[in-house]
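Residue-level structure breakdown
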Amino acid sequence: MSEVIVVTSGKGGVGKTTSSASIACGFARRGKKVVVVDFDIGLRNLDLIMGCERRVVYDFVNVINNDCSLKQALIKDKRFDNLSVLAASQTRDKDALTQEGVERVLNGLREDFDIIICDSPAGIERGAHLAMYYADRAVVVVNPEVSSVRDSDRVLGLLASKTSKAEQGSGSISEHLLLTRYSPERVASGDMMSVADVEEILGLKVIGVIPESQSVLAASNAGVPVILDEASEAGMAYDDAVARMCGDERPMRFTELKKKGLLNRLFGGG
């Protein structure tokens, strides 16, 4: 049975599209047939991070408007045969998405894919609402700072009340927190909220903690989801998060200050 997973946030710039791409690759690497859909109409960044921007011919809005078939618009990933991308339109606005159109596309995708990742625009406007409306599961991406946590609380409220499942009384969406750009050093100095702080405020456990890392930006610029960089702590943390989403138990890494070696302690090195 297929599953629709929305990757969402209240605030922009928290790493949502980066997370969508890595989660999609993580599921594909585990043998699931996966499609990742860009709901950010007018901006379109997912295809850049997935490294397929030059192969976009048709997009999500073209499918909704019946300008092409769903199969024509899907772009197969070159690294995984079981992973596809449905790009957003760069030339339309968010009003181009309709509820019935989104439902029709998602139903079509459910016939062929195990996992459908919806990369939501930030905030609580129309595109974000449509991205979460038909979801079975939600990954709420949050940075450990007050404004991001506060905005995520609003998104959790929408997930609980403004989705198809909530309106029909057919159960609730499973919710996960994904903490990104985490720095144990800044937590220790009091400049950043801790994992426990965020979990307490939002009332949810984190599914993963992604450390602040230059490798995330480098991977995005190269069109390679950072989860595929197996030497990167961020890549390892995304793999851990996907494993937990699949029901595996893994210890939470990269959340503690690294202990200094003997020479560093003796000579005051960092």
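I will try to describe carefully the structure that is included in this document.

What counts and what doesn't
Residues numbered from 1 in each chain as written. Predicted model: local features only at pLDDT ≥ 70, side-chain atom pairs only at ≥ 80, totals over all residues. Heavy atoms only, no water. Helix = DSSP H or I, 4+ residues; strand = E, 2+ residues; numbered from the N terminus. Rg over C-alpha atoms; globule rule 2.2 N^0.38 Å. Contact = heavy atoms within 4.5 Å. Lys, Arg positive; Asp, Glu negative; His and termini not counted. Charge placed at Lys NZ, Arg CZ, Asp CG, Glu CD. Phe/Tyr/Trp six-rings, centres within 6.5 Å; stacked < 30°, edge-to-face > 60°. Buried < 20%, exposed > 50% of the residue type's maximum accessible area, 1.4 Å probe, protein only. Core = buried A, V, L, I, M, F, W, Y, C linked by side-chain atoms within 4.5 Å. Pairing = 2+ DSSP bridges. Axes fitted to C-alpha atoms, helices over the stretch in contact; angles between N-to-C directions. Parallel < 35°, antiparallel > 145°, perpendicular 65-115°, else oblique. Left-handed = near helix turned anticlockwise from the far one by under 90°. Nonpolar A, V, L, I, M, F, W, Y, C, P; charged D, E, K, R; others polar. Salt bridge = Lys/Arg side-chain N within 4 Å of Asp/Glu carboxyl O.

**Quick word on the overall build of the protein chain**
- For the protein chain, the helix and strand inventory stands at 13 helices and eight strands.
- A compact globule built from 270 residues would reach a C-alpha radius of gyration of about 18 Å, and the protein chain, at 19 Å, matches this within 12%.
- Taking as baseline every contact in the protein chain between residues at least 6 positions apart, the subset at least 24 positions apart corresponds to 73%.
- When the 33 basic and 38 acidic side-chain charges of the protein chain are each reduced to a single mean position, those positions are 3 Å apart.

**A short note on the packing of aromatic side chains**
- For the coordinates displayed, the defined rule picks out two aromatic pairs.
- Their ring planes at 80° and their centres at 5.0 Å tell us that phenylalanine 39 and phenylalanine 60 sit as a pair that is edge-to-face. Linking phenylalanine 39 in the loop between strand 2 (34-38) and helix 2 (46-50) with phenylalanine 60 in helix 3 (residues 60-64), this pair joins segments that are 21 residues apart in sequence.
- Note on phenylalanine 60: relative accessible area 0%, which makes it buried.
- Ring plane angle 85° and centroid distance 4.8 Å describe the contact between tyrosine 133 and tyrosine 134, whose orientation is recorded as edge-to-face.
- When its relative accessible area of 7% is taken as the criterion, tyrosine 133 is described as buried.

**So, the nonpolar core**
- Phe39, Phe60, Val102, Leu109, Ile116 and Leu159 are the most contacted members of the largest nonpolar core, which has 49 residues in total.
- In this structure, Ile5, Ile23, Leu178 and Ala241 belong to the second largest nonpolar core, which totals 39 residues.

**Points about the sheet that holds strand 4 (residues 83-86)**
- Overall, mixed pairing links the eight strands, which are arranged 3-4-2-5-1-6-7-8 in an open sheet. In this open sheet, the two strands that pair with only one neighbour each are strand 3 (75-76) and strand 8 (206-211).
- Sheet strands touched by helix 10 (residues 195-202): strand 6 (137-142), strand 7 (174-182) and strand 8. Its angle to strand 7, the strand with the most contacts, is close to 145°.

**Quick look at the packing of helix 1 (residues 16-29) against helix 12 (residues 233-245)**
- Where helix 1 contacts helix 12, the axes come no closer than 9 Å and their chain directions differ by 60°. With respect to helix 12, the axis of helix 1 lies oblique. Of the two elements, helix 1 crosses helix 12, and the hand of that crossing is right-handed. Along its contact with helix 1, which presents Thr18, Ser19, Ser22, Ile23, Gly26, Phe27 and Arg29, the element helix 12 presents Tyr238, Asp239, Val242 and Met245.
- Its residues placed into classes, the contact of helix 1 with helix 12 shows five nonpolar, four polar and two charged.

**Observations regarding the packing of helix 7 (residues 146-161) against helix 10**
- Running from N to C, helix 7 and helix 10 cross one another at 35°; their axes reach a closest spacing of 10 Å. Along this stretch, helix 7 crosses helix 10, giving a crossing that reads as right-handed. Side by side, helix 7 and helix 10 meet where Val149, Ser152, Asp153 and Leu156 of the first sit next to Val198, Ile201 and Leu202 of the second.
- Taken together, the residues of the contact of helix 7 with helix 10 sort by class into five nonpolar, one polar and one charged.

**A short note on the pattern of salt bridges**
- All told, the structure shown has 16 salt bridges when counted by the stated rule.
- Linking glutamate 230 and arginine 29 is a salt bridge whose minimum nitrogen-to-oxygen distance equals 3.5 Å. With glutamate 230 in the loop between helix 11 (214-222) and helix 12 and arginine 29 in helix 1, the pair connects residues that are 201 residues apart, well separated along the chain.
- Relative accessible area serves as the criterion here: at 61%, glutamate 230 is assigned to the exposed category.
- Taking relative accessible area as the criterion, arginine 29 reaches 32% and is therefore assigned partly exposed.
- If you follow the salt bridges from partner to partner, you end up with Arg29, Arg30, Glu230, Asp239, Asp240, Arg250 and Arg253 in one network.

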